[in-house]
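# Structure assessment
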Amino acid sequence: MWFRSIFLKTLRDFRVAIVSWGLGIGVLTPLVFVVVPTLLADLGSRAEVLALVRHPALRLFAEPVDVLSPGGYATWRLSLVLPLVGIWALLAVSRTLRGEEESGALDVLLSAPRSRLRVATEKLAAVATALLLMGGLIGIMAFAGGQVAKTGLRLSAALLFGLNATLLAGVFGAMALLASQFTRARQTAAGITGALLGLSVVMTSAGRTVPGGAWIGQLSPLHYFELSKPLVPSYGASPRAMLVLTALSAVLGALGLALFVRRDLGAHVALPTGLRRTDRQMNVRAVPLRAWSLRSVFARSLASLGAATSWWGLAIAIYAAVITAILRQTQENLLGLLQTAARRGPVYAELIARFTGGDDSAMNARFLSAIFTLLAVVVAAFAVTLANRWAAEEEEGRLELLLGTPQARQLVILARFAAVAVALLMVSGLIFASVTLTGFLVDFALDRSRLAQAAFGMVPIGLVVAAIGYLLSGWLRATAVTGILIALLLASFVITLLGSVLRWPPLLLQLSIFEQYGTPLVDGLRPGNTAGLFIVAAAALTAATIRFARKDLAR
């Protein structure tokens, strides 16, 4: 049955992702529902939660609404998790069309008597159906959790909760489709769309915190996602916001589809004459006979990662700088509130000076610490892309040419991994430089030693992720490697985000790679945890090297 049409075959390919993403994210809402009554049982706990939602850094991520209710608390806590479905959407769309163009699979498919429009439409319809099924699972799990915890959540509200996540993911999937019409590689299209997702988060945060900047947030799809809170009975879903998300997906998707059917297969949309490279430029770039990157495998690996490292590093560094500036702005916004408190109690005067002056590095570090945990997740995601490159090169046969030269396999894999380490160092260095410079410009004092530990402490995390990816590629295809690594990161992120709140066992918390990172801006790096990460990375890389040296390629 599944091979009767392109739609069914594509949907079948997504079956594991549908179940994994739907159940993996869907199970979180019932967990929160079950724990909330205990968590908010006494007045002290409720006061603690109310104080927490006023934390300036946490308000950057979401606007808390009715957090003392199970639905409001779940909506606030899961505000960073649900948009992650958009990452699957952008990866799936960029792989489904542009990825198959790269591998040549689409040439074979289009040799059958089917129009290009029909092929693309069926594939995109399969992606949309997969997203709807994921949203359905998320909604049904929320409804089941509400029934167990007796929150009074209606089935329609639970399904709208899942549908809202689906609509947001659909927007970024459509963006990936459009971006892939202007690139030759699926990774570039996915990277551009991922950057737009990050920009959307920044714009939404700015809309919430910058005085008079509400219009900035309204330019972001995430803003319309947050306008609907179906789990909060007093707030509900916003039909207008959901309609905006649907319209965005439809318009971007239709534009991408129109460009796809009109361009050459394997090429990108033709740029205006002034922006095209000349034939001479293309020839020089295509045959770099005297290039420095041809002097060694390590140099060639560095060169191949250069563009991706630059784009990821710049995007993350700009995000860190903007968030730092917004956080400083948030401090100033609270000046009025604290001055009112000071008039009632002079004892608060010193607190105001520390809080709004921006020169208390310890207090600033506590505000910025949550942001750096999120940056560590993004750097780990960058490491996933680096591991994917290694697995894809073997799968696509690009290693065979290299190994046809007198190069030992062990040296090849170690040289590639050394280039990965350098790429991670460069990204961490850019984060350190951008936050240091922004802090200086906006008068936001930070301990540079702690800041360096926080920035470069992300490197061991990236090394662990990349090394595990290299190890898995000894047996699995690139898509499976990427899927497992993303699942690992998601599980770790959820454990770190909810584990302490839901009072999970300490042993379970330690399984999260981000728990090993800790809060270096506040407490400094923990040498034992950092050494443990290096040991795990070294062990995984050693096993990957042994496997690569002994295996047949592409097996």
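Below is a summary of the structure that appears in this document. (Residues numbered from 1 in each chain as written. Predicted model: local features only at pLDDT ≥ 70, side-chain atom pairs only at ≥ 80, totals over all residues. Heavy atoms only, no water.)

Right, let's talk about the packing of helix α23 (residues 458-472) against helix α28 (residues 527-550) for a bit. Contact geometry of α23 with α28 gives a least axis separation of 8 Å together with a crossing angle of 20°. With respect to α28, the element α23 is oriented roughly parallel. Both α23 and α28 take part in a crossing whose hand is left-handed. In this structure, α23 contributes Pro460, Ile461, Leu463, Val464, Ala467, Ile468, Tyr470 and Leu471 to the contact, and α28 contributes Thr530, Leu533, Phe534, Val536, Ala537, Ala540, Leu541, Ala543 and Ala544. By residue class, the composition of the contact of α23 with α28 is 16 nonpolar, one polar and no charged. (Axes fitted to C-alpha atoms, helices over the stretch in contact; angles between N-to-C directions. Helix = DSSP H or I, 4+ residues; strand = E, 2+ residues; numbered from the N terminus. Parallel < 35°, antiparallel > 145°, perpendicular 65-115°, else oblique. Left-handed = near helix turned anticlockwise from the far one by under 90°. Contact = heavy atoms within 4.5 Å. Nonpolar A, V, L, I, M, F, W, Y, C, P; charged D, E, K, R; others polar.)

Take the environment of Leu498 next. Following the sequence through the fold, Leu498 ends up in helix α24 (residues 478-498). Assessed through its relative accessible area of 1%, Leu498 is described here as buried. The spacing of Leu498 and Leu28 is 470 residues in sequence and 8.9 Å in space, taken between C-alpha atoms. For Leu498, the contacting residues outside a window of four places in its chain are Leu28, Arg77, Leu78 and Trp504. (Buried < 20%, exposed > 50% of the residue type's maximum accessible area, 1.4 Å probe, protein only.)

Given two aromatic rings, one states the distance between the centres and the angle between the planes to describe the pair. Within the structure shown, the criterion is met by seven aromatic pairs. Ring centres of Phe14 and Trp88 lie 5.1 Å apart, and the angle between their planes is 80°; this geometry places the pair in the edge-to-face category. Here Phe14 is found in the loop between α1 (6-13) and α2 (15-26), whereas its partner Trp88 is found in helix α7 (residues 85-103), with 74 residues between them in sequence. Per residue, the accessibility class of Phe14 equals that of Trp88, and both read buried. Pairing Trp312 with Phe382 gives two aromatic rings, centres 5.4 Å apart and planes at 40°, and the pair type is tilted. Pair noted here: Trp312 is in helix α16 (residues 297-333) and Phe382 is in helix α19 (residues 361-395), with a separation of 70 residues, a long-range link. (Phe/Tyr/Trp six-rings, centres within 6.5 Å; stacked < 30°, edge-to-face > 60°.)

Looking now at the pattern of salt bridges. A full pass over the atoms with the stated rule returns eight salt bridges. Note that Glu393 is salt-bridged to Arg416, the shortest N-O span being 2.4 Å. Residue Glu393 is located in helix α19, and its partner Arg416 is located in helix α21 (residues 409-441); the two are separated by 23 residues in the primary sequence. The two residues Glu393 and Arg416 agree in class, both being buried. (Salt bridge = Lys/Arg side-chain N within 4 Å of Asp/Glu carboxyl O.)

Another aspect to go through is a nonpolar patch on the surface. Where nonpolar side chains cluster on the molecular surface, the patch consists of Leu314, Ile318, Val322 and Leu430 and spans about 310 Å² of accessible area. Counting residues per element, the nonpolar patch draws most heavily on α16, at three residues. Relative to the assigned elements, Leu430 resides in helix α21. Exposure remark for Leu430: the relative accessible area of 32% places this residue in the partly exposed category. (Patch = residues over 30% accessible without salt bridge, like charges linked within 9 Å, V, L, I, M, F, W, Y side chains within 5 Å. Areas by Shrake-Rupley, 256 points an atom, 1.4 Å probe, with all protein chains shown as cover.)

What is shown is where atoms sit, not what they do.
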